[in-house]
Amino acid sequence: MTILALEIGSEGFAATLVGEEVADEEIRRVPLPSAAAWATCRDLLLEVSRNHEITAVGIGSSGPIDMLAGVVAPAEIPEWRTGFALVEAVQKTFPGATVHLALDGVCLGLAERNFGATSEVMDALSVTVSSRICAGVMVGGFVVVGRTGNAGHFGHVLVPGFDDLCECGGRGCVEAVAGGSSILRWAHGQGWIGNSVDALVEAARGSDEIAVAALNRAGTALGRGIASVAPVLDIDLVVIGGTVAKAGPALWKPLTAAVATHARLGFLTSLRVIPSELDGIGVLAGAGVLAMMARVPA
């Protein structure tokens, strides 16, 4: 049995064969192309499969998705925005394989449950904050999928005190303030001249005033969003990973302060917010879990 895991992310595609341990050098990554997205993705899958007989493929994709139809419509891939039948395309590439699709946040939740910080709790929120925000919700030990497969869009929780325009068309979404692309946009508007989230995080560590301010407001938005979601789900653990989460005190101090200020109900006194230890491989690892779970006999 040879299983392939695929991630459709906001910055690129990633794929690997699934094994007990997968070294970073075994993960193949390519940036999103300006055109011919499926051809690029297919070539990546064929390269990684290395002529193995693939029996299952697990896919974690940025949303929105239609899980039952096997269709994805990520905003970052213009030619797929109206819907691309990804499962069907992968199935044609590997005719003998079963193909399973889930939202990137669902896969993240599966990875944290199986390999990360949420393995010993029943109710948790797992979040990645990089150029965009994805999240997985776990209730009663099970990662929530939702009616259409889109449960976990934490980035579109509204946060009080912010009115930033979001790419979804709304205002005041967590992602509109705390997503990496949004942080950069705000910092550029204040005169910062760096060109990446990594550079902004590094600048904040060096006490650059604009970078620190950008991450301060992102941390506040994340903390308020967490405080809004926590009482609805009755969770006691939030795990945050991704490029932005590595920013240190500039992000984490206002984040924890916002949680402490707003998550005041008695049953939330044990709520913890901690860094993830999955180091950027959560969605891909969860895609592998998705494929393996689907092949377990009933």
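Structure's up top.
The structure contained in this document is the topic of the report that follows.

### Some words on the packing of aromatic side chains
- One pass over the full model with this rule turns up 3 aromatic pairs.
- Between tryptophan 80 and phenylalanine 84, the aromatic rings sit 4.5 Å apart at their centres with planes inclined by 5 degrees, giving stacked as the arrangement. In terms of burial, tryptophan 80 and phenylalanine 84 fall into one category: buried.
- Taken together, the aromatic side chains of Phe13, Trp38, Trp80 and Phe84 make up a single cluster linked through ring pairs.

### Here we look at the sheet that holds strand β11 (residues 237-241)
- Strand order in the open sheet formed by 5 strands is β10-β9-β8-β11-β12, and the pairing between neighbours is mixed. On the outer flanks of this sheet lie β10 (142-143) and β12 (272-275), each paired with one strand and no other.
- For strand β8 (residues 124-129) and strand β9 (residues 133-139), the ladder comprises 6 bridges, and the chain directions are antiparallel. Bridged to leucine 125 within β9 is valine 137.
- Across the sheet, helix α3 (residues 104-115) is in contact with β8, β9, β10 and β11; its angle to β9 comes to roughly 55 degrees.
- Against the sheet, helix α8 (residues 249-262) touches β11 and β12, its axis set at about 160 degrees to β12.

### Observations regarding helix α2 (residues 86-93)
- For α2, every residue scored as buried is listed here: Leu86, Val87, Ala89, Val90 and Thr93. The buried residues of α2 occupy one face: seen down the axis, they fall within an arc of 165 degrees.
- Lining the buried residues of α2 we find β1 (2-8), α1 (37-49), β4 (54-61), β6 (71-72) and β7 (98-103).

### So, the pattern of salt bridges
- This model, assessed by the stated rule, comprises 10 salt bridges.
- As a salt-bridge pair, arginine 132 and glutamate 76 come within 2.1 Å of each other at their nearest N and O atoms. Placement of the pair is arginine 132 in the loop between β8 and β9 and glutamate 76 in the loop between β6 and α2, with a sequence separation of 56 residues.
- If you follow the salt bridges from partner to partner, you end up with Glu76, Arg132, Glu167 and Glu175 in one network.

### Topic: the sheet that holds strand β3 (residues 28-31)
- Taken in spatial order, the 5 strands line up as β3-β2-β1-β4-β7 in an open sheet, and their pairing is mixed. Every interior strand has two partners, whereas the edge strands, β3 and β7, have only one. Adjacent strand axes in the sheet meet at a mean angle of 15 degrees, parallel and antiparallel pairs treated alike.
- Both β4 and β7 contribute to a ladder of 6 bridges, which runs parallel. Bridged to alanine 56 within β7 is threonine 98.
- This element, α2, spans β1, β4 and β7 of the sheet and lies at about 150 degrees to β7.
- Sitting on the sheet, α3 touches β4 and β7, and the angle it makes with β7 is about 95 degrees.

### Some details on the pairing of β9
- In terms of residue burial, β9 counts as a mostly covered element, since 6 of its 7 residues are buried.
- When β9 meets β10, the two strands line up antiparallel, connected through 2 bridges. Bridge assignment links methionine 138 to a residue of β10, and that residue is valine 143.
- Hairpin geometry of β9 and β10 is characterised by an intervening segment of 2 residues between the two adjacent antiparallel strands and by a positive phi of about 60 degrees at glycine 140.

### Here's the deal with the packing of helix α7 (residues 209-233) against α8
- Where α7 meets α8, the axes come as close as 7 Å, and the angle between the chain directions of the two elements is 30 degrees. In terms of axis orientation, α7 runs roughly parallel to α8. Between α7 and α8 the crossing geometry is right-handed. Of the residues in α8, those in contact with Val212, Leu215, Asn216, Ala218, Gly219, Thr220, Leu222, Gly223, Arg224, Ile226 and Ala227 of α7 are Ala250, Leu251, Pro254, Leu255, Ala258, Val259 and His262.
- The class makeup of the residues in the contact of α7 with α8 is 12 nonpolar, 5 polar and 1 charged.

Calculation notes
Residues numbered from 1 in each chain as written. Predicted model: local features only at pLDDT ≥ 70, side-chain atom pairs only at ≥ 80, totals over all residues. Heavy atoms only, no water. Phe/Tyr/Trp six-rings, centres within 6.5 Å; stacked < 30°, edge-to-face > 60°. Buried < 20%, exposed > 50% of the residue type's maximum accessible area, 1.4 Å probe, protein only. Pairing = 2+ DSSP bridges. Helix = DSSP H or I, 4+ residues; strand = E, 2+ residues; numbered from the N terminus. Contact = heavy atoms within 4.5 Å. Axes fitted to C-alpha atoms, helices over the stretch in contact; angles between N-to-C directions. Arc of directions from axis to C-beta. Salt bridge = Lys/Arg side-chain N within 4 Å of Asp/Glu carboxyl O. Parallel < 35°, antiparallel > 145°, perpendicular 65-115°, else oblique. Left-handed = near helix turned anticlockwise from the far one by under 90°. Nonpolar A, V, L, I, M, F, W, Y, C, P; charged D, E, K, R; others polar.

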